Amino acid sequence: MAMILADKTWQRLRRIPPSYLVFAALLLTLWVLRPHMMNPNILGIFIRQIVPLGILVLGQLLVMRVRSIDLSGGGVILLINYYISSGLFPGASMMTFVAMAIATGLVIGTFNGVMIAKRRVSAVIVTLAVSIVLVGFVQYLSSGKPPGDVPAMFAALYNTKLLGIPTPVLLWIVLTLLMSLFLARTVFGRAVASVGENLSAAHFSGVAVERTVIVAHILAGLMAALAALVQTASIAVGSVRVGLDLPILAVAATILGGVVFGRGEGGVWGPFFGVLSFALLFILMTTLGVDEPGKLIIQGFIILLAAIFYGVRSAKP
């Protein structure tokens, strides 16, 4: 009996997204080592900076739930940043840039989804290749040099607040709520869960598997486009490197949030706290004076730990 109870307890613990524990541990560490950093205004500044990652994670968790992955987000962010900051479209309004960004994300997401769902091409290969092509395209257009400044209207909107909350953070929270409701309350959400749990069973149950995977990638492309708009507004300048590290961080945050590839498990709020954990990690590293190489090393270890956890959680109970 004791062994049965211990086994059940272990199974329950395994279902808890580790991001909750990591977030609590980092918050406690920050409170002990740098209590003055617990100021809501200071925390808000750092959280606002990781909003692009948080939005990208919403797309990543969706495609991982349908046994896929999307590594093209970095290229999407770089491309959108380029044509907003390069001056290729003089006099374009903010809504024009927003529409162009969304169209870009939807087109790339559709291409990824069709290639993966209908052509059965590896999701890693397709999305990574798309990202490389987009990065190369931007490098060619810019001759390897950073383009100009981002229109001032982006920075002005980025620095606004609504109900005392920075607008980018509020956007991220709203998108997370919508994604949570979308997965929990819609037919598509049930299809995502079915495909992730058992692809063959979903197919024979009448679930449109190909369409579910394609739609998931289209939505991931949309999230990448929104992340690109926020990222571009946050740095306020053009760049030939912006966003390239975000896809792998998005995978790490998603796994830390308890999303398991091929098991149909995981929700939205675990990855949300996974992203918040990265925000607290960045705060700690900055206040402790960790230099850029050190930050890269620590990020690498976090990604490695996420991969190890993925292996443990993916193992059959």
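- If you check an unreviewed UniProt entry, the chain appears there as ABC transporter permease from Taklimakanibacter albus.

**Let's talk about the nonpolar core**
At step 1: Core analysis: the biggest nonpolar cluster contains 92 residues, and Ile55, Ile80 and Phe278 have the highest contact counts within it.
At step 2: Not counting residues within four places of it along the chain, the set of residues in contact with Phe278 comprises Leu53, Leu249, Ala252, Ala253, Leu256 and Ile302.

**Examining the packing of helix α2 (residues 18–33) against helix α14 (residues 269–287)**
Between two packed helices, the angle of one axis relative to the other and the distance separating the axes together describe the packing.
At step 1: Between α2 and α14, the least distance of the axes is 8 Å, while the angle of their chain directions is 25°. In this view, α2 runs roughly parallel relative to α14, as classed from their interaxial angle. Once α2 is placed against α14, the crossing between them reads as left-handed. Note on element contacts: α14 touches α2 through Trp269, Gly270, Phe273, Gly274, Leu276, Ser277, Leu280, Leu281, Ile283 and Leu284, opposite Ser19, Tyr20, Val22, Phe23, Leu26, Leu27, Thr29 and Leu30.
At step 2: Of the residues in the contact of α2 with α14, the class split is 13 nonpolar, five polar and no charged.

**Remarks on the pattern of salt bridges**
At step 1: Inspection of the entire model under this criterion finds two salt bridges.
At step 2: Among the ionic pairs, Glu210 bridges to Lys118, the shortest N-O distance being 3.1 Å. Of this pair, Glu210 sits in helix α12 (residues 209–235) while Lys118 is found in the loop between α6 (94–117) and α7 (123–142), placing the two residues 92 residues apart along the sequence.
At step 3: The exposure class assigned to Glu210 is partly exposed, which follows from its relative accessible area of 30%.
At step 4: Judged by its relative accessible area of 48%, Lys118 falls in the partly exposed class.
At step 5: Across the pair Arg120 and Glu210 runs a salt bridge whose closest N-O atoms are separated by 3.3 Å. Here the residue Arg120 occupies a position in the loop between α6 and α7, and Glu210 occupies one in helix α12, the gap between them amounting to 90 residues.
At step 6: Note on Arg120: relative accessible area 59%, which makes it exposed.
At step 7: The network of salt bridges with common partners includes Lys118, Arg120 and Glu210.

**Quick notes on the packing of aromatic side chains**
Given two aromatic rings, their pairing is described by the distance between the two centres and the angle made by the two planes.
At step 1: One pass over the structure, following the stated rule, counts nine aromatic pairs.
At step 2: For the ring pair Phe23 and Phe273, a centre distance of 5.2 Å and an interplane angle of 75° mean the geometry is edge-to-face. Remark: Phe273 occurs in helix α14 and Phe23 occurs in helix α2; sequence separation between them is 250 residues.
At step 3: We classify Phe23 as buried; its relative accessible area is 19%.
At step 4: Classification of Phe273 as partly exposed rests on a relative accessible area of 25%.
At step 5: Taken together, Tyr20, Phe23, Trp172, Trp269, Phe272 and Phe273 form an aromatic cluster joined through their ring pairs.

**Some points on the environment of Phe154**
At step 1: Summarising the element assignment, Phe154 is placed in helix α8 (residues 152–158).
At step 2: Separated by 81 residues in the primary sequence, Phe154 and Ile235 place their C-alpha atoms 9.8 Å from one another.
At step 3: Excluding residues within four positions of it along the chain, Phe154 makes contact with Ile84, Met94, Phe97, Leu229 and Ala233.

**Focus: helix α13 (residues 246–256)**
At step 1: With ten of eleven residues buried, α13 is to be regarded as a mostly interior element.
At step 2: Those residues of α13 that sit buried are Leu246, Pro247, Leu249, Ala250, Val251, Ala252, Ala253, Thr254, Ile255 and Leu256.
At step 3: In the segment just after α13, Gly258 is the residue with positive phi, at about 95°.

**Describing unusual backbone geometry**
At step 1: Even without glycine at this site, Arg67 takes up a positive phi of about 65°.
At step 2: With respect to the secondary-structure elements, Arg67 resides in the loop between α4 (51–65) and α5 (73–85).
At step 3: Residue classification places Arg67 among the partly exposed positions, given a relative accessible area of 31%.
At step 4: One non-glycine residue with positive phi stands out, namely Leu163, at about 60°.
At step 5: Following the sequence through the fold, Leu163 ends up in the loop between β1 (161–162) and β2 (165–166).
At step 6: Taking relative accessible area as the criterion, Leu163 reaches 77% and is therefore assigned exposed.

Cut-offs and rules
Residues numbered from 1 in each chain as written. Predicted model: local features only at pLDDT ≥ 70, side-chain atom pairs only at ≥ 80, totals over all residues. Heavy atoms only, no water. Core = buried A, V, L, I, M, F, W, Y, C linked by side-chain atoms within 4.5 Å. Buried < 20%, exposed > 50% of the residue type's maximum accessible area, 1.4 Å probe, protein only. Contact = heavy atoms within 4.5 Å. Axes fitted to C-alpha atoms, helices over the stretch in contact; angles between N-to-C directions. Helix = DSSP H or I, 4+ residues; strand = E, 2+ residues; numbered from the N terminus. Parallel < 35°, antiparallel > 145°, perpendicular 65-115°, else oblique. Left-handed = near helix turned anticlockwise from the far one by under 90°. Nonpolar A, V, L, I, M, F, W, Y, C, P; charged D, E, K, R; others polar. Salt bridge = Lys/Arg side-chain N within 4 Å of Asp/Glu carboxyl O. Phe/Tyr/Trp six-rings, centres within 6.5 Å; stacked < 30°, edge-to-face > 60°.

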